[in-house]
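# Descriptive analysis of the structure
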Amino acid sequence: MKFTLDWLKEHLDTDADLDTVLETLTAIGLEVEGVETPGETLADFRIARVVSAGKHPNADKLQLLQVDTGDGIPVQVVCGAPNAREGMVGVFAAPGTYVPGIDVTLKPAKIRDIESFGMMCSERELEMSDAHEGVIDLDAEAAEHVGESYAQWAGLDDPVIDIAITPNRQDCMGVRGVARDLAAAGLGRLKPLAEAYAPAGAEPGSGHNNPTGQREAVKPIAGKGAPSIEIRTDDPDGCPAFFGRTVSDVSNGTSPDWMQKRLRAIGQKPISALVDITNFVMIDLGRPLHVYDRAKLGDAIFARRAENGEKVVALNGKEYTLDDSMTVIADEQGVHDIGGIMGGEHSGVQDDTTDIVIECAYFDPPRISRTGQKLGLMSDARARFERGVDPAFLDDGLTIATQLVLALCGGTPSEVVRAGEPPLDTKTVSYDPQLAETLGGLAIPNAKQRASLEALGFAVAGDGPFEVTAPTWRRDVDGAPDLVEEVLRLESYDAIPSTPLPRAEGVATPTASPEQKRERTVRRAAAARGLNEAVTWSFIPEAEAALSGNASWILANPISEDMKVMRTSMIPGLAAAAKRNADRGASSIRLFEIGRRYLEEEERPTLGLILAGAKGARHWQGGGPNDSNAFDAYDAKAEIVALLEAAGAPTANLQLFGDASGLYHPGRSARLCLGPKNVLAEFGELHPNTLTALDLDGPVMAGEIYLDAIPMPRSSGHMRKAYTPPALQAVTRDFAFLLDADTPAGDLLRAVKGADKQHLVDARIFDVFTGKGVGEGKKSVAIEVTLQPAEKSFTEEDLKAISDSAVKAAGKVGGELRG
């Protein structure tokens, strides 16, 4: 939520400077997200007067102005604005000034052969509004300030504060609520509401101290006769209370400068006096309102349930299809308002509106939230109603809105119609002040806790425990712990001492499950191998989820369409991270992430990795942006096998299958399994279609390890096995086998390894050859085996027996010893 410092001080009587206000806001739980001063970008613009205005000699639509900028020497300016004239006072930009609205830094120029030294500016050129029909035409008062800074004179140097409002703090969705919190924190005194809005229609201000924080009702405005329209609620569940009145003979012009200035400062576009009044009251007091054009309504306006299939065009110009779970404001002809969210286009006020209906209603928060979610429609009104506005503020809100309408637009108000009853029940909580120390760790005197709660608007009875009644604007308070939070934040969370929790007798030392230990081990191993850890969203677009299989976990209320589905693979998130790094100039990308995949009704712990770009930096001995320096599928396999080994997987027993998922390139990817069904990992080069879908430039290597598929070690001990090197020297032997070209060499290697598990301790492929001397459709695979004697050295007979068993095992997979 945004507001300016001066706006805040209309409700808060304080001498605090900006830095103190910002520090206090954050200290009491209203986190400051940013501060900006719009006037800083307009610091070089000056108030200037047009001394003379004459026709440009070479252009019919241009004028030649002599402009007094306060330096005593008139400046020549060529201007095309139709409203430029002798004697007018406007805003001047000298050469060297940056004009934000047109993104240009001015310099002297010739326009139709006539020199021009600067320009007179429009509101759009200063990014104050979209108005550009003419240059800014200031009032007569500005003539006394020629040469002075326009931003300072216009009050544009008022800092804009942006704070984050948590969902439970609906009371701070208005400037007054923020002021109440700051006053309770000791930063000043809250001005009474009646004084802040008196006299009727005047600019808010001139309030007096309100030490208790309790609201003082504004003086009601007497109406003349009944309204010209019936007002009622036919949906008491969705709209328990609908207050309203008519105002006739209004004149809807532009709102005053002070109101436009505040709305523009927080990003609200001024539209007309009537619309601006409702927006101002919503931001100032957290009370959304709506104004209808009476001439566009029937004999009655009422809240009701929508009918299935009913449609309405909202003020944003979009058409929405409604259903019977939604509350609307309608007349006999149809819907005019999506209740509590957005008004309809048909009955909105226009410049020629003369009679209006002011609506001030209370809508059920859950109903508003569900309606907004179904329609995908967010608005400032919804943000407040779904949190819960103050149900006791309907009369005051309607009165204040009426005051402003009468002051700015004139007219004659009717009597107020109150249809239904707002839910005014308040909650009383028994609160022991000792809980501040028990739960919050900070001892605060009872009297100080009472004062803090009363300053926030709570009614406190008793001496301890207190009987605390929450004000109507604090529907978030449910129990004593909520009150502890209130007194602690006003005391300052920084005052809470850091105290380590003692370990109770009998509580075991910190433990982690075997699964957690495995994840930690693999994370360290991946980092040690030069991979950088990424943390990506668990939500991905539905199209990306479909790349690795149909999505099972689809969100009913996603943040956006790009975060609609719980991920079925780690690869899309890592691919997005890789693209961001590549776009920022990273030449070698090595990323990994440990997280969860969401398949059917399971959460599967998974490690994903992605390799892209060059393996290393360019070097005269080799490398560079060529194929020899690019990652390939074997690099991904090396990382996957190393991390599987770190995770405790029996890598010597892994089987390689060549049918990885559709994410990968056929023939350049594979699965690593323990048996044909237990898949531990897959890796390879990403398929070109995958690269296109993920907006990546290839080639890109990737892989995933399914951590929950790795069998846990049987040993539960904490000590490593003692190192016992063999007493006798190992023997190596080489074998060359002829094998069918389409038979995986890994099958042959596994067969040879299993020939004699007692003595054959290792085997590795060191050569694969095809060509001359090898038959067509065959390949020669050379394997080095390591034989380890146990109690005595091998004899020739022992070596021959082991060799024969290796050859026999190779024959089972089609391997034939070469002659």
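Structural data are supplied above this passage.
## Some remarks on the side chain of Arg367
For Arg367, the location among the structural elements is in helix 8 (residues 365-375). Overall, Arg367 belongs to the buried group, its relative accessible area being 7%.

## Quick notes on the pattern of salt bridges
If you walk through the whole model with that rule in mind, you get 39 salt bridges. Residue Glu639 pairs with Arg529 through a salt bridge whose shortest N-O separation is 2.7 Å. Here Arg529 lies in the loop between helix 14 (514-528) and strand 30 (532-533) and Glu639 lies in helix 17 (residues 633-646), a separation of 110 residues in the sequence. The exposure class assigned to Arg529 is partly exposed, which follows from its relative accessible area of 38%. Between Lys778 and Asp740 there is a salt bridge, with its nearest N and O atoms 2.7 Å apart. Of this pair, Lys778 sits in strand 41 (residues 778-787) while Asp740 sits in strand 39 (residues 731-740), and the two are 38 residues apart along the sequence. Relative accessible area serves as the criterion here: at 30%, Lys778 is assigned to the partly exposed category.

## A closer look at the pairing of strand 18 (residues 300-305)
With five of six residues buried, strand 18 lies mostly within the body of the structure. In this structure, strand 15 (residues 230-233) lies alongside strand 18, joined through four bridges in parallel fashion. Looking across to strand 18, one finds that Arg232 is bridged to Phe302. Pairing of strand 18 with strand 21 (residues 327-330) involves four bridges; the strand directions are antiparallel. Directly across from Arg304, in strand 21, lies its bridge partner Val328.

## Some details on the environment of Pro159
Along the chain, Pro159 turns up in the loop between helix 3 (150-153) and strand 13 (160-163). The class for Pro159 is buried, based on a relative accessible area of 13%. On a C-alpha basis, the gap between Pro159 and Pro38 in space is 7.3 Å, while along the polypeptide they are 121 residues apart. Those residues within four positions of Pro159 in sequence are excluded, and the remaining contacts are Phe3, Thr4, Leu5, Leu18, Val35, Glu36 and Thr37.

## So, the packing of helix 12 (residues 446-455) against helix 13 (residues 480-491)
The contact between helix 12 and helix 13 brings their axes to 10 Å, and the two run at 95°. Judged by the inter-axis angle, helix 12 sits roughly perpendicular to helix 13. In contact with Lys448, Gln449, Ser452 and Leu453 of helix 12, helix 13 contributes Leu483, Glu486, Val487, Leu490 and Glu491.

## A look at empty space enclosed by the protein
Inspection of every chain in the model, using the stated rule, returns one cavity of 30 Å³ or more. In terms of lining residues, the largest cavity is bounded by 16 residues, among which Asp171, Arg180, Leu285, Asp390 and Trp473 are the most central. In terms of residue count, helix 4 (residues 175-184) provides more of the lining of the largest cavity than any other element does, three residues in total. When the residues that make up the lining of the largest cavity are grouped by side-chain class, the tally is five nonpolar, five polar and six charged.

## As for the sheet that holds strand 5 (residues 63-68)
Overall, antiparallel pairing links the five strands, which are arranged 6-5-4-7-12 in an open sheet. This sheet does not close on itself; its edge strands, each paired only once, are strand 6 (75-79) and strand 12 (119-120). For strand 5 and strand 6, the ladder comprises five bridges, and the chain directions are antiparallel. From the neighbouring strand, Leu64 faces strand 6, where its bridge partner is Val78.

## With respect to the sheet that holds strand 3 (residues 32-36)
Taken in spatial order, the three strands make up an open sheet running 1-13-3, and their pairing is antiparallel. Each having just a single partner strand, strand 1 (2-4) and strand 3 make up the two edges of the open sheet. Across the sheet, the mean angle separating the axes of adjacent strands is 20° when strand polarity is ignored. Note: strand 1 against strand 13, three bridges, orientation antiparallel. If you follow Thr4 over to strand 13, its bridge partner there is Val160.

## Considerations on the packing of aromatic side chains
Under the counting rule described, the total for this entry stands at eight aromatic pairs. Here the basic side chain of Arg180 rests over the ring of Trp473, its NZ or CZ set 4.1 Å away from the ring centre. Over the ring of Phe466 we find Arg450, and its NZ or CZ is 4.8 Å from the ring centre.

## Observations concerning a negative patch on the surface
A surface patch of like charges, here negative, comprises Asp139, Glu141, Glu144 and Asp257. Mapped onto the secondary structure, Glu144 falls in the loop between strand 12 and helix 3. The class for Glu144 is exposed, based on a relative accessible area of 68%.

## What to know about the nonpolar core
Counting residues in hydrophobic clusters, the biggest one holds 110 residues, and the most contacted among them are Leu8, Leu322 and Tyr431. With eight residues, the single largest contributor to this core is helix 7 (residues 273-285). Residues Leu609, Leu644, Ala681 and Tyr706 belong to the second largest nonpolar core, which totals 30 residues.

## Observations regarding helix 16 (residues 571-583)
Over its 13 residues, helix 16 runs 18 Å from end to end, which matches the ideal 18 Å to within 8%, given 1.5 Å per residue. Looking at helix 16, one finds that the buried residues are Ile571, Pro572, Gly573, Leu574, Ala575, Ala577 and Ala578. At the exit of helix 16 stands Gly585, carrying a positive phi of roughly 95°.

## Brief notes about the packing of helix 7 against helix 10 (residues 394-409)
Where helix 7 contacts helix 10, the two axes come as close as 10 Å, and the packing angle between them is 145°. Relative to helix 10, helix 7 is oriented so that their crossing is right-handed. In contact with Ala273, Leu274, Ile277, Phe280, Val281 and Leu285 of helix 7, helix 10 contributes Ile400, Ala401, Leu404, Val405, Leu408 and Cys409. In terms of residue class, the contact of helix 7 with helix 10 is built from 12 nonpolar, no polar and no charged.

## Here's the deal with the pairing of strand 16 (residues 241-248)
Counted residue by residue, strand 16 has seven buried out of eight residues, so it is predominantly covered. Relative to strand 24 (residues 356-362), strand 16 runs antiparallel, the two being bridged by seven bridges. Across the sheet, Gly244 pairs through a bridge with Glu359, a residue of strand 24. Taken together, the four bridges between strand 16 and strand 26 (residues 417-420) define a ladder with antiparallel strand orientation. Counted as the bridge partner of Gly244 is Val417 from strand 26. In the sheet, strand 16 pairs with strand 25 (residues 412-413) via two bridges, with the strands oriented antiparallel.

## A closer look at the state of the cysteines
If you walk through the whole model with that rule in mind, you get zero disulfides. Residue Cys121 stays outside any disulfide, its sulfur separated by 9.5 Å from that of Cys79, the closest cysteine. Cys121 gets classed as buried once you look at its relative accessible area, which sits at 0%.

Reading the values: the criteria
Residues numbered from 1 in each chain as written. Predicted model: local features only at pLDDT ≥ 70, side-chain atom pairs only at ≥ 80, totals over all residues. Heavy atoms only, no water. Helix = DSSP H or I, 4+ residues; strand = E, 2+ residues; numbered from the N terminus. Buried < 20%, exposed > 50% of the residue type's maximum accessible area, 1.4 Å probe, protein only. Salt bridge = Lys/Arg side-chain N within 4 Å of Asp/Glu carboxyl O. Pairing = 2+ DSSP bridges. Contact = heavy atoms within 4.5 Å. Axes fitted to C-alpha atoms, helices over the stretch in contact; angles between N-to-C directions. Parallel < 35°, antiparallel > 145°, perpendicular 65-115°, else oblique. 1 Å grid on protein atoms, 1.4 Å probe; cavity = no way out; pocket = protein on both sides within 12 Å on 5 of 7 lines; lining within 4 Å. Points joined across faces, edges and corners; volume = space filled by probe spheres on them. Nonpolar A, V, L, I, M, F, W, Y, C, P; charged D, E, K, R; others polar. Phe/Tyr/Trp six-rings, centres within 6.5 Å; stacked < 30°, edge-to-face > 60°. Lys NZ or Arg CZ within 6 Å of the ring centre and 35° of its normal. Patch = residues over 30% accessible without salt bridge, like charges linked within 9 Å, V, L, I, M, F, W, Y side chains within 5 Å. Areas by Shrake-Rupley, 256 points an atom, 1.4 Å probe, with all protein chains shown as cover. Lys, Arg positive; Asp, Glu negative; His and termini not counted. Charge placed at Lys NZ, Arg CZ, Asp CG, Glu CD. Core = buried A, V, L, I, M, F, W, Y, C linked by side-chain atoms within 4.5 Å. Expected span 1.5 Å × (residues − 1). Left-handed = near helix turned anticlockwise from the far one by under 90°. Disulfide = S-S within 2.5 Å.

By themselves, these observations are geometric and do not establish any function.
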